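Residue strings, one per chain:
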Amino acid sequence: MTAQLHDPVDATRAPERPRRRLLHFDNLRVALTVLVVMHHAAITYGNIPVWYYVEPATDDTGIALDLFALTNQSFFMGFFFLIAGYFVPASFDRKGPRSFMRGRLVRLGVPLLLFTVALRPILTLNSYLTEWDMPYWLFYIVSWDPGPMWFVEVLLMFSLGYLVVRRLRPRDTAKPSRTTSGRIPRTHAILGFAIGLGLATYVWRAIMTAVYWPVLGLPSPGFLPQYLAMFIVGVYAYRNGWLEKIPRAAMVWCAAAAVVSLAVYVPTMAMAGTVSTEWSPIMLANSLAESGVVIGMIGFATGLFQRIARHQNRFARFLSDNAFAVYVVHPLVLVAGGYALSAWEASALAKFAVLALIAVPLCWLVACAVRTIPGARRVL
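Please read all numbers here as calculations on a predicted model, not as lab measurements. Numbering of residues starts from 1 in each chain and follows the order in which that chain's sequence is written. Only residues with pLDDT of 70 or above have their local features reported here, since the model is predicted, and side-chain atom pairs are shown and tallied only from 80 upward, although totals for entire chains, interfaces and linings are computed over all residues. By convention in this description, side-chain values take in all heavy atoms of the structure and omit both hydrogens and water.

Novice: Residue-level account of the overall build of the protein chain, with values.
Specialist: Only runs of H or I of at least four residues qualify as helices and only runs of E of at least two qualify as strands under DSSP, and these elements are numbered from the N terminus. A count of helical and extended segments in the protein chain gives 15 helices and zero strands. Between the two quantities, the radius of gyration covers C-alpha atoms and the globule rule is 2.2 Å times the number of residues to the power 0.38. For the protein chain, whose C-alpha radius of gyration is 21 Å, the value lies close to the compact-globule estimate of 21 Å for 380 residues. Expressed along its principal axes, the backbone C-alpha trace of the protein chain runs to roughly 65 × 55 × 40 Å. The buried label goes to any residue with under 20% of its type's maximum accessible area, the exposed label to any with over 50%, and the partly exposed label to all in between, with areas taken from a 1.4 Å probe on protein chains only. Counting across all 380 residues of the protein chain, residues that qualify as buried make up 49%. Taking as baseline every contact in the protein chain between residues at least 6 positions apart, the subset at least 24 positions apart corresponds to 80%. The protein chains shown are the only cover counted for residues, whose accessible areas, like all others here, come from Shrake-Rupley with a 1.4 Å probe. When the accessible surface of the protein chain is summed, it comes to about 18,500 Å², and 68% of that surface belongs to carbon and sulfur atoms. When charges are counted, neither His nor the chain ends are considered; positive counts come from Lys and Arg and negative counts from Asp and Glu. Where a charge lies is defined by one atom per residue type: Lys uses NZ, Arg uses CZ, Asp uses CG and Glu uses CD. Counting 33 positive and 19 negative side-chain charges, the protein chain places the averaged centre of each group 17 Å from the other. Whether two residues are in contact is decided by their heavy atoms, any of which lying within 4.5 Å being enough.

So this is what it looks like as structure tokens:
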């Protein structure tokens, strides 16, 4: 999931040298991947039973894990989609439409296929043996779910959408220009976007009340407007150089926006189950606050990593190179760890902490081992 950035090349002049690799994005991906592992470790021992192996909390510390998971959900997958969108234009410009889509199918489609064919049967085996009374082939079909690979599936669709848009706009087929001034949009534009995203999310959730989409495996389809918006923002951010240098003042304002928005998001999320309609003012406040959280967190974290994590040593490069493979294999590591700790009687928070401490480094070791398989590095 890494790529080098290239300035658009005019056909009438010699190609320019590739732009330097933006290492803070690689490091951000690593941090977000760690957060994904910890997120699913928290779900293992919290009160949100949407994982392959769960031990519902029997003490109050499970509430802290639920709060951690819900806070993550408000921004971290949107952040992933923004980073992914940022690298799409450069890949399309460099490869052209056919090679671009072929590359997407290899880098995204093959891991998705491998997960559903090889890992999903292992992860769902216990559920089949203990809860279902039917042939396994039928269980495999009726329980279809790409698990955490829903992100890869949706990203593949977004990439296809980007290709279609570029092909339908003739002026875009000749590599659109790119501004490298690094100037981010003005405050009123960002505020307007945040309000617009919040309102779109509010309306979407009021109309589309389903809590789960089995085909896409979207655990929270209510976040789809955020995911699409962040992907599009990533595309425009690359074209306009928005994320190449976040001003310090903007970073501070984003941090403040994230804190204030979280102060509204958390209590309104807690009250969401008490309202009688999706059109309630509580849900409107929650959607607007969620928009503030994701934009604030992205602006702050991007600016912070530009300042403290813009370089890589050998270890950091190891983490970056294996981050996507970690995303693919981490369910297997977490489920195995959950079973290994199942006999230990402790608080939900304690079991989460131990599982996370074990699983995070183990995920990278397993991912590294998997990538030694011939041909694996091409797709992982």
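Novice: Give a description of helix H9 (residues 224-240) that names residues and reports values.
Specialist: Across its 17 residues, H9 extends 24 Å between first and last C-alpha, which sits within 8% of the 24 Å expected from 1.5 Å per residue. H9 sits mainly inside the fold: 13 of its 17 residues count as buried. Phi turns positive, to about 65 degrees, at Gly 241, one or two residues after H9. Multiplying one less than the number of residues by 1.5 Å gives the expected span of a helix.

Novice: Describe the pattern of salt bridges, and please don't skip the residues or the numbers.
Specialist: A pairing counts as a salt bridge when a side-chain nitrogen of Lys or Arg comes within 4 Å of a carboxyl oxygen of Asp or Glu. Going through the model one piece at a time under the given rule, you end up with six salt bridges. In this structure, Glu 55 engages Lys 351 in a salt bridge whose closest nitrogen and oxygen atoms are separated by 2.9 Å. A residue pair is termed long-range when its members are at least 10 positions apart, and Glu 55 in the loop between helix H1 (23-45) and helix H2 (61-73) and Lys 351 in helix H14 (residues 348-370) qualify at 296 residues. On the basis of relative accessible area, Glu 55 is assigned to the buried category, the value being 19%. For Asp 93, the salt bridge identified is with Arg 239, shortest N-O distance 2.8 Å. Linking Asp 93 in helix H3 (residues 76-95) with Arg 239 in helix H9, this pair joins segments that are 146 residues apart in sequence.

Novice: Talk me through the packing of H1 against helix H11 (residues 281-308); I want residue IDs and the actual numbers.
Specialist: Axis definition: a line fit to C-alpha positions, over the contact stretch in the case of helices; interaxial angles, taken between N-to-C directions, run 0 to 180 degrees. Packing of H1 against H11 brings their axes to within 9 Å, and their N-to-C directions diverge by 120 degrees. As judged from the angle between their axes, H1 and H11 are oblique. Judged by the sense of rotation from one axis to the other, the crossing of H1 with H11 is right-handed. For the pair H1 and H11, contact is made by His 24, Asn 27, Leu 28 and Ala 31 and by Ala 301, Thr 302, Phe 305 and Gln 306, respectively. Charged means Asp, Glu, Lys or Arg here, nonpolar means Ala, Val, Leu, Ile, Met, Phe, Trp, Tyr, Cys or Pro, and polar covers whatever is left, Gly included. The residue makeup of the contact of H1 with H11, split by class, is four nonpolar, four polar and no charged. Angular relationships are summarised with four words: roughly parallel below 35 degrees, roughly antiparallel beyond 145, roughly perpendicular across 65 to 115, and oblique for the angles in between. Crossing handedness follows the turn of the near helix against the far one: under a right angle anticlockwise gives a left-handed crossing, and clockwise gives a right-handed one.

Novice: Quick one: what's the story with the packing of helix H10 (residues 248-271) against H11, residue by residue and with numbers?
Specialist: Between H10 and H11, the shortest axis-to-axis distance is 6 Å and the interhelical angle comes to 145 degrees. Seen along the crossing, H10 lies across H11 with a hand that is left-handed.

Novice: So what's going on with helix H12 (residues 314-321)? Residues and values would help.
Specialist: Residues of H12 that are buried: Ala 316, Leu 319 and Ser 320. Buried residues of H12 fall within an arc of 100 degrees about the axis and therefore sit on the same side. Along H12, the residues that are exposed and aim more than 90 degrees away from the buried face are Arg 314 and Phe 315. Its buried side turned inward, H12 meets H1, helix H13 (323-340) and H14. Any N or O atom pair separated by 3.5 Å or less is treated as a polar contact, with the protein-specific requirement of one donor-capable and one acceptor-capable atom, and with residues adjacent in sequence counted only for side-chain atom pairs. One side-chain oxygen of the residue at the start of H12 lies 3.2 Å from the amide nitrogen of Phe 315, identifying that residue as Asn 313. The arc under discussion is defined with respect to the helix axis, by the directions toward the C-beta atoms.

Novice: Give me the lowdown on the side chain of Lys 351, citing residues and values where you can.
Specialist: Residue classification places Lys 351 among the buried residues on the basis of a relative accessible area of 3%. Lys 351 has contacts with Tyr 45, Glu 55, Leu 341, Ser 342, Trp 344 and Ala 346, leaving out every residue within four places of it along the chain.

Novice: Report on the packing of aromatic side chains, specifying residues and quantitative values.
Specialist: Stacked, tilted and edge-to-face are the three classes applied to pairs of Phe, Tyr and Trp rings, where Trp contributes its six-membered ring and a pair requires centres within 6.5 Å; stacked means planes under 30 degrees apart, edge-to-face means over 60, and tilted covers the rest. Tallied over the entire structure, the rule returns 29 aromatic pairs. Between Phe 25 and Phe 87, the ring centres sit 5.8 Å apart and the planes meet at 75 degrees, which makes this aromatic pair edge-to-face. You can see Phe 25 sitting in helix H1 and its partner Phe 87 sitting in helix H3, a full 62 residues away along the chain. Both residues of the pair, Phe 25 and Phe 87, belong to the buried class. In this structure an aromatic cluster arises from ring pairing among Phe 80, Phe 81, Trp 150, Phe 151, Phe 158, Phe 223, Tyr 227, Phe 231 and Tyr 327. By definition, being over a ring means that NZ of Lys or CZ of Arg is both within 6 Å of the ring centre and within 35 degrees of the ring normal. Above the ring of Tyr 140, the side-chain terminus of Arg 120 is found at 4.4 Å from the ring centroid.

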